[in-house]
Amino acid sequence: MPIRRPLTWFQGQAEDYTLAIVDEVTGLPQDLTDVTSIAMYIKATAETPDDDEDVIVLSTANNGITITNAEAGLCAISAASSATEIAGIRWYRILAEPGPKLVLYGPLTVVDT
């Protein structure tokens, strides 16, 4: 079951974020050993389609996400400063394959600096 987790980043700054993917019920790390890809979609609203031209995609395929410890459910997200150019509230969701399985979602606040 996916977990709703608000994130906060800072305007105009590249963000390196360590993410622990855990089971919502047990709180234990989700083993990512069999995961073939992870993608984070940063978009204007929850209703914005993932394939919208303005959606920013960070993934294992484009080196925006790296699984750093599969058994512990850890991955690193690297967002360029272009992902934080505009302050405000957006929406994100993180999907893991195979599936796709929604693992995290929620508001992403980019704080005006």
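Quantities reported herein were computed from a predicted structural model and do not represent experimental measurements.

Participant: Tell me about the overall build of the chain, and name the residues and values.
Facilitator: A count of helical and extended segments in the chain gives zero helices and nine strands. Helices and strands in the chain line up, N terminus first, as β-β-β-β-β-β-β-β-β. Computed over the C-alpha atoms, the radius of gyration of the chain is 13 Å, within 12% of the 13 Å expected from 2.2 N^0.38 for a compact globule of 113 residues. With respect to the principal axes defined by its C-alpha atoms, the chain has extents near 35 × 25 × 25 Å. Partitioning the intrachain contacts of the chain with sequence separation of at least 6 by distance along the chain shows that 61% fall at a separation of at least 24. If you sum the accessible surface of the chain, you get close to 6,200 Å²; carbon and sulfur atoms cover 52% of it. Charge-centre separation for the chain: the mean point of 6 positive side chains lies 6 Å from the mean point of 16 negative side chains.

Participant: Provide a residue-level description of the packing of aromatic side chains, including the pertinent values.
Facilitator: Under the definition given, this model contains one aromatic pair. Ring centres of Trp91 and Tyr105 lie 6.1 Å apart, and the angle between their planes is 40°; on these two criteria the pair is classed as tilted. With Trp91 in strand β8 (residues 88-97) and Tyr105 in strand β9 (residues 101-111), this pair connects stretches of sequence that are 14 residues apart.

Participant: Residue-level account of the nonpolar core, with values.
Facilitator: Grouped together as the largest cluster of nonpolar side chains are 23 residues, with contacts concentrated most on Trp9, Ile38, Met40, Leu58, Ile77 and Ile94. For this core, the secondary-structure elements that each account for two or more residues are β2 (7-10), β4 (37-43), β7 (74-79), β8 and β9. In this view, Met40 contacts Leu7, Trp9, Ile56, Val57, Leu58, Ile65, Ile77, Tyr92, Arg93 and Ile94; residues no more than four positions away in its chain are not counted.

Participant: Just give me the short version of the pattern of salt bridges, but keep the residues and values in it.
Facilitator: Scanning all chains against the criterion turns up two salt bridges. For Lys43, the salt bridge is made with Asp50, and the minimal N-O distance between the two is 2.7 Å. Asp50 gets classed as partly exposed once you look at its relative accessible area, which sits at 21%. Residues participating in the shared-partner salt-bridge network are Lys43, Asp50 and Arg93.

Here is what the cut-offs are and how they apply
- Residues numbered from 1 in each chain as written.
- Predicted model: local features only at pLDDT ≥ 70, side-chain atom pairs only at ≥ 80, totals over all residues.
- Heavy atoms only, no water.
- Helix = DSSP H or I, 4+ residues; strand = E, 2+ residues; numbered from the N terminus.
- Rg over C-alpha atoms; globule rule 2.2 N^0.38 Å.
- Contact = heavy atoms within 4.5 Å.
- Areas by Shrake-Rupley, 256 points an atom, 1.4 Å probe, with all protein chains shown as cover.
- Lys, Arg positive; Asp, Glu negative; His and termini not counted.
- Charge placed at Lys NZ, Arg CZ, Asp CG, Glu CD.
- Phe/Tyr/Trp six-rings, centres within 6.5 Å; stacked < 30°, edge-to-face > 60°.
- Core = buried A, V, L, I, M, F, W, Y, C linked by side-chain atoms within 4.5 Å.
- Buried < 20%, exposed > 50% of the residue type's maximum accessible area, 1.4 Å probe, protein only.
- Salt bridge = Lys/Arg side-chain N within 4 Å of Asp/Glu carboxyl O.

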